[in-house]
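Architecture at a glance
The lines below spell out each chain.
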Amino acid sequence: MIRVGIALVLAVLYVPAMAEMFHVWQTDTYAGHGMFVPLFSALVAWTDRERLRAAVGRGHPAGIALILAGVGLLALGALGGSLLVKGLSVAVVVAGLVMWSFGTDCLRAAAFPVGFLVLMAPLPRPVVDALTLDLQLFAAGFAAAALRLLDIPVYQTGVTIELPALTLQVAEVCNGLRFLLALLVLTAAFAQVTQRSIPRKVALVASAIPIAIFANATRVAAIGLGVHFIGPEAASGTIHNWIGKGVWGLTLIPLILLGLLLARGGGPKVSRLEEKVA
């Protein structure tokens, strides 16, 4: 009953933070992927419920320290106005509750669904601002270089790409960071499903970063190509949207192929917990 009471108190304590998080998911274009995170964590825990149930043991008192640390992070996030810190505190508190209630083996078995919750926290705006210009400049430079290779006359100055038919500008909304963040979350979920070893999971998730950056730069180049051969209308409206969707769709191909390749080379792996349960 004590554990149930503490869990209820924590739930009430986190209502304002989760309400704020939900609002940001709906309004911040860089945080929309966060809504997917707790849902996938719950799905993984549900599908893996038999293994988690087998790992349940005596609760460990160290979980109380984790819970207190998580609540401390919540207070720190409230004082500093940081939703990122508040989001991190959720994962810490959940980890503490699992350890305190079900033991360290259960927490180890639930490491992914608990740790995955970290990704629901949005990036702070200063971090977004710091990354934006570099991503814009890379996309513009890459697109200009690609167009020159195709013998298309182009002149680039900063984030501006001048073509005979139209001058394009890689705006903030075209920096590719939204897709990068969403792809990282999607790839982490895909890695959990397909990979059996932690190094391969990390390798697959890390590969999403350069793939997403180059995909956005390729999208900008494809729009420039469309402007040259179709006309200025390719830079906006239906053609622009279909170019973006097409490039983003193609981006999934190398990730899927790499995931399958890593999974094929991983071989079966039995964890210590699975050996103990067996």
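Here three strands make up an open sheet; going across it, the order is β1-β2-β3 and the pairing antiparallel. Of all strands in the sheet, those with a lone pairing partner are β1 (155-157) and β3 (167-169), marking the two edges. Shown here is a sheet whose adjacent strand axes are inclined to one another by a mean of 20°, direction ignored. Bridge count for strand β2 (residues 160-162) against β3 is three bridges, and the pairing is antiparallel. Pairing of Thr160 across the sheet is with Gln169, part of β3. Packing against the sheet, helix α8 (residues 125-149) makes contact with β1 and β2, and its axis sits at approximately 165° to β1.

Turning our attention to unusual backbone geometry. A negative phi angle characterises most non-glycine residues, just as the trans form characterises most peptide bonds. A positive phi angle, close to 60°, is found at Asp151, a residue other than glycine. Looking at where Asp151 falls in the secondary structure, it is placed in the loop between α8 and β1.

Moving on, we come to the nonpolar core. In terms of nonpolar packing, the biggest core is built from 37 residues, with Ile161, Leu163, Val170 and Leu177 touching the most fellow members. The set of elements that each furnish at least two residues to this core consists of α8, α9 (177-194), α10 (198-229) and α11 (237-266). Take this core: its biggest share by element is ten residues, from α10. In this view, Leu177 contacts Tyr30, Val128, Leu131 and Leu135; residues no more than four positions away in its chain are not counted. By size, the runner-up hydrophobic cluster in this structure holds 22 residues, among which are Met21, Val37, Leu83 and Ala189.

Parameters at a glance
Residues numbered from 1 in each chain as written. Predicted model: local features only at pLDDT ≥ 70, side-chain atom pairs only at ≥ 80, totals over all residues. Heavy atoms only, no water. Pairing = 2+ DSSP bridges. Helix = DSSP H or I, 4+ residues; strand = E, 2+ residues; numbered from the N terminus. Axes fitted to C-alpha atoms, helices over the stretch in contact; angles between N-to-C directions. Contact = heavy atoms within 4.5 Å. Core = buried A, V, L, I, M, F, W, Y, C linked by side-chain atoms within 4.5 Å. Buried < 20%, exposed > 50% of the residue type's maximum accessible area, 1.4 Å probe, protein only.

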